[in-house]
Number of protein chains: 2
Amino acid sequence: MKKYIAILGFGVVGSGCADVLDTNKKLIAERCGFEIEVKYILDLRDFPQSPYADKIVHDYNVILSDPEVELVAEMMGGSHPALEFSLAAMDAKKSVVTSNKEVVATHGLELLSCAKENAVSYMFEASVGGGIPVIHTIDTSLVQNDIKEISGILNGTTNYILTQMNTAGADFESALKEAQAKGYAEADPSADVDGIDACRKIAILASLAFGKLIPTECIHTEGVRTVARKDVEIAAAAGYAIKLIGRTFADNKNICAYVCPMLVKNNDPLSTVNDVFNGIKINGDAVGEVMLYGRGAGKLPTASAVVSDIINILSGSGVSYSWQKAEGSDIIDFDNVVSKQYIRTSSKSALLDGALDIGGAYITGEMSEAEAEELVKKLNASGADVLARIRILG
Amino acid sequence: MKKYIAILGFGVVGSGCADVLDTNKKLIAERCGFEIEVKYILDLRDFPQSPYADKIVHDYNVILSDPEVELVAEMMGGSHPALEFSLAAMDAKKSVVTSNKEVVATHGLELLSCAKENAVSYMFEASVGGGIPVIHTIDTSLVQNDIKEISGILNGTTNYILTQMNTAGADFESALKEAQAKGYAEADPSADVDGIDACRKIAILASLAFGKLIPTECIHTEGVRTVARKDVEIAAAAGYAIKLIGRTFADNKNICAYVCPMLVKNNDPLSTVNDVFNGIKINGDAVGEVMLYGRGAGKLPTASAVVSDIINILSGSGVSYSWQKAEGSDIIDFDNVVSKQYIRTSSKSALLDGALDIGGAYITGEMSEAEAEELVKKLNASGADVLARIRILG
């Protein structure tokens, strides 16, 4: 038996998806009991040299009006027209899978309610963690767990930069240039280095864990531009790695999500997630601590995740989540988030007498964000200028 | 709606399973759309103080003859009567889930063919990696991948012992005693320290990845009794951790599985899996390298995995694999397995001139097991006694 799908967007991930389906066609047919055939590929461009040239179409209506196409794999990126195309596919009773974190984090509620109305599936394994099957794991293998917390290294570009700063003594600017030269970072690196990409991903993970989508503007988000090599070095000497962490947790039905650089202790498995790899640590009441590790980006890993959703849906195991919108009262104010603090000042201060001196900087006890901001103000006023404040994970 | 199950064996995992189903009853009902009720618990003992006392039965026929019981969760351990009880349940058209690696590795073919005949499911997520959802991941999220290799730290007891030898300067005997005192190792530690437990687990993983069950007697298995603290120290100084590794790979349809201590380079994420944690690294053609990390044993983590199988089956997503038996010609002879070798000798030898001197020991180039055995013989004959030979992963 053959089942037909269409691909929207023949870029890196879209062509990777076609490649995975082609390379492993026989294996997939054996394991699933049906063949998957890409019937159309929608793109603005033509690809005369591609083996898939004859599948390229420019008119989306060709796909929408073909009843043989059961599923549309959207790998266009960006919110528009990905949103409109996905809604139109579901209104035409076709399931949709996507690798597009922006459209899921921004328009997830609308997309999922459209899926429900049309009794089709909307799935997005590839939107978080590239090839790492984190979404399916939370949704199936950990479904019997009350999830307490998820903390993850969700962005490979910034993790590469921080790894270079840690192991090669690079500063931020030179590590960014190297990441750009290697193709790990875009010419405009803002979505990565300012934490926007990680923010979208933690929003998606929070929704899966707690059933409520937090608007990205309610997620405190800091990037890695302010991380100084000096702090990476002091932290390393004290047994910590600095990582860009996306974290979400629930406290009595209220939820919180934020993204910022954090010190991660060497015995935490996240501390050893280096280079462009991603790691996502999930804490459930029964399972305890589980971490998933792998390539958070790249053509074939991301395509692998897209194809896993395609197979799930075509096998009859597709899902469509019922997320609520997180209202203001559901969201824990970032001012109330508590953590230990790494603080580096221009000079000694009695205000840090209770803190642990780690040689060049201090580690305080637990305090709320509001208290930490107050401490920074007092330190600055006392003449001990705060040169760095970084939160500590765990 | 309520769905009824029975638990066989009310030991650590069995009672953990009842606890997870009870503690998260509401959450499971909300997420799955039905309630799961434990109707019977089969055990030889009575548990008058237990909240589940009224569910205890001693006669298995009560369970077999009750048509309301859809599924039996076998957590008795050992091959018998777990095998007979599981077969009887499936013959009574009840699906079976288990945490019992021995029965799966030894009688998996018979159990799976019984499941197929009766059109029920036989699932065993908890048999490998405790709470880590490795089996479901291979079977669903990575199904579109041609798996090349799986390497894992599959036994928490030996990993605890090796971690103590590495970080606390303990030798094998004292680390084992400490593991026993902490309840991580049994009074008779053989199944763990001689690699038998890891052997069963790699047999199960190989079957999932390659569709063929390798008889455990065809899996080269070494434990950790011979690992000397001196080698742990030399390896650590050279940037390696010594870990008990279960490894399986395929080469042109032929497959291989073995268990032995190996040197794992510090930049391999497996090297940082410490204490009683497990880590399983899967290499697929599309996804690249993925690692799953978590608690490989323990009451609630293992129960979490059992319950995930229960939910899968009761939700209609149960599976039953079609494994073949690996015949002699399918199995790569261990003599032909190639790796670099860590070799420590009583004195210098010209036979190791091409090897890398890491201070106190040598690292050779790649060679087959047969070649390595030959080298050992020659070294011993030359008067440079081989005090340790340990394979290197990767």
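Residues numbered from 1 in each chain as written. Chains lettered and ligands numbered in written order. Predicted model: local features only at pLDDT ≥ 70, side-chain atom pairs only at ≥ 80, totals over all residues. Heavy atoms only, no water.

Trainee: An account of the overall build of chain A is requested, with residue identities and associated values reported.
Mentor: Looking only at helices and strands, chain A features 13 helices and 19 strands. Put simply, chain A has 394 residues, and 61% of those count as buried. Restricting to contacts in chain A with at least 6 residues of sequence separation, those with at least 24 account for 71%. Here chain A displays about 15000 Å² of accessible surface, and carbon together with sulfur accounts for 48% of that area. For chain A, the separation between the mean place of its 36 positive charges and that of its 52 negative charges on side chains is 3 Å. (Helix = DSSP H or I, 4+ residues; strand = E, 2+ residues; numbered from the N terminus. Buried < 20%, exposed > 50% of the residue type's maximum accessible area, 1.4 Å probe, protein only. Contact = heavy atoms within 4.5 Å. Areas by Shrake-Rupley, 256 points an atom, 1.4 Å probe, with all protein chains shown as cover. Lys, Arg positive; Asp, Glu negative; His and termini not counted. Charge placed at Lys NZ, Arg CZ, Asp CG, Glu CD.)

Trainee: Break down the packing of helix α6 (residues 134-141) of chain B against helix α10 (residues 196-210) of chain B for me, citing the residues and quoting the values.
Mentor: Residues and elements named next belong to chain B. Direction vectors running N to C along α6 and α10 enclose 10°, while the axes themselves pass 10 Å from each other. Comparing their axes, α10 and α6 come out roughly parallel. Packed against α6, whose contacting residues are Val134, Ile135 and Ile138, the element α10 presents Ile204, Leu205 and Leu208 at the interface. By residue class, the composition of the contact of α6 with α10 is six nonpolar, no polar and no charged. (Axes fitted to C-alpha atoms, helices over the stretch in contact; angles between N-to-C directions. Parallel < 35°, antiparallel > 145°, perpendicular 65-115°, else oblique. Nonpolar A, V, L, I, M, F, W, Y, C, P; charged D, E, K, R; others polar.)

Trainee: Let's hear about the environment of Val104(B): which residues, and what values?
Mentor: Residue and element names in this part refer to chain B. Relative to the elements of secondary structure, Val104 occurs in helix α5 (residues 101-117). For the pair formed by Val104 and Cys260, sequence separation is 156 residues and the distance between their alpha carbons is 21 Å. If near-sequence neighbours (up to four positions away) are discounted, Val104 is found in contact with Thr98, Tyr122, Phe124, Ile204, Leu213 and Trp323.

Trainee: Let's hear about the state of the cysteines: which residues, and what values?
Mentor: All names here are of chain A. Following the criterion strictly, the structure yields zero disulfides over all chains and no others. This cysteine, Cys218, is not joined by any disulfide, and Cys199 carries the nearest cysteine sulfur, 9.7 Å off. For Cys218, a relative accessible area of 40% gives the class partly exposed. (Disulfide = S-S within 2.5 Å.)

Trainee: Break down the pairing of strand β4 (residues 69-74) of chain A for me, citing the residues and quoting the values.
Mentor: All names here are of chain A. With five of its six residues buried, β4 lies for the most part within the structure. Relative to β4, strand β1 (residues 2-8) runs parallel, the two sharing five bridges. Paired with Leu8 across the two strands is Glu74, which belongs to β4. Sheet topology places β4 next to strand β5 (residues 95-98); four bridges connect them, and they run parallel. Bridging across to β5, Leu71 finds its partner in Ser95. The handedness of the β4 to β5 crossover, carried by helix α4 (residues 82-91), is right-handed. (Pairing = 2+ DSSP bridges. Right-handed = clockwise from strand over helix to strand, strands pointing away.)

Trainee: Would you mind going over the interface of chain A and chain B in detail, with residue names and values included?
Mentor: Each partner contributes to the interface: chain A provides 39 residues, whereas chain B provides 39 residues. At the boundary of chain A with chain B, total buried surface from both sides reaches about 3200 Å², with 57% on carbon and sulfur atoms. Of all residues in chain A, Val143(A), Gln144(A) and Tyr293(A) bury the most surface against chain B, accounting for 19% of the area lost on that side. Applying the counting criterion to the chain A and chain B interface returns 18 residue pairs in polar contact (both at pLDDT 80 or more). When residues of the side of chain A that touches chain B are traced back to their parent elements, those giving at least two are α1 (12-23), α2 (25-32), α6 (134-141), β13 (288-295) and α12 (299-314) of chain A. A class-by-class count of the residues in the side of chain A that touches chain B yields 20 nonpolar, 14 polar and five charged. With five bridges joining them, β13(A) and strand β13 (residues 288-295) of chain B adopt antiparallel strand pairing. (Buried area = accessible area lost by both parts, 1.4 Å probe. Polar contact = N/O pair within 3.5 Å; in protein donor to acceptor, adjacent residues only side chain to side chain.)

Trainee: Could you give me a rundown of the relation of the copies chain A and chain B, with the residues and numbers involved?
Mentor: Between the two copies, chain A and chain B, the superposition gives an RMSD of 0.0 Å; the rotation angle is 180° and the shift along the axis is 0.0 Å. In the structure described here, the two chain copies are related by an operation that fits a two-fold rotation axis. Residue Leu292(A), judged by its C-alpha, is the member of chain A lying nearest the rotation axis, at 2.4 Å. Taken as a fraction of all interface residues of chain A, those also at the interface in chain B reach 100%, which identifies the copy contact as same-surface. (Least-squares fit on C-alpha atoms with pLDDT ≥ 70 in both.)

Trainee: Give me the lowdown on helix α2 (residues 25-32) of chain B, citing residues and values where you can.
Mentor: Residue and element names in this part refer to chain B. What α2 keeps buried is the set Leu27, Ile28 and Cys32. Viewed along the axis of α2, the buried residues span an arc of 110°, placing them on a single side of the element. Counted as exposed and oriented over 90 degrees from the buried face of α2: Lys26 and Glu30. Two residues or fewer after α2 comes Gly33, characterised by a positive phi angle close to 85°. (Arc of directions from axis to C-beta.)

Trainee: Give me the side chain of Asp192(B): which residues, what numbers.
Mentor: All names here are of chain B. In this structure, Asp192 sits in helix α9 (residues 190-193). No salt bridge is formed by the buried Asp192; its nearest oppositely charged neighbour, Lys201, is found at 6.3 Å. With residues up to four places along the chain from it excluded, the contact list for Asp192 reads Asn155, Thr157, Thr158, Tyr184 and Asp197. (Salt bridge = Lys/Arg side-chain N within 4 Å of Asp/Glu carboxyl O.)

Trainee: Got a sec to walk through the sheet that holds strand β6 (residues 122-123) of chain B? Specific residues and values, please.
Mentor: All names here are of chain B. Read from one edge of the open sheet, six strands run β3-β2-β1-β4-β5-β6, paired in parallel fashion. Of all strands in the sheet, those with a lone pairing partner are β3 (56-57) and β6, marking the two edges. Both strand β2 (residues 35-42) and β3 contribute to a ladder of two bridges, which runs parallel. Residue pairing in the sheet places Ile41 in a bridge with Ile56 of β3.

Trainee: Would you mind going over the sheet that holds strand β3 (residues 56-57) of chain A in detail, with residue names and values included?
Mentor: Residue and element names in this part refer to chain A. Read from one edge to the other, the open sheet built from six strands follows the order β3-β2-β1-β4-β5-β6, with strand pairing classed as parallel. Edge positions in the open sheet fall to β3 and β6 (122-123), since each of these has one partner strand only. Helix-sheet contacts for α1 involve β1 and β2 (35-42), and the interaxial angle to β1 is about 160°.

Trainee: Would you mind going over the side chain of Asp231(B) in detail, with residue names and values included?
Mentor: By the secondary structure assignment, Asp231(B) is in helix α11 (residues 229-237). Ignoring sequence-local partners within four residues, the contact set of Asp231(B) consists of Ile242(B), Tyr342(B), Arg344(B), Ala388(B) and Ile390(B).

Trainee: Explain unusual backbone geometry residue by residue, including any values.
Mentor: Residues and elements named next belong to chain A. With omega at 5°, the peptide bond leading from His80 into Pro81 counts as cis. One can find Pro81 in the loop between β4 and α4. Of note, the phi angle at Asn252 is positive, near 60°, even though the residue is not glycine. Among the structural elements, Asn252 can be located in the loop between β10 (240-251) and β11 (254-265). At Asp275, a position not held by glycine, the phi torsion is positive, near 55°. Along the polypeptide, Asp275 turns up in the loop between β11 and β12 (277-284). For Asp275, a relative accessible area of 34% corresponds to the partly exposed category.

What is shown is where atoms sit, not what they do.
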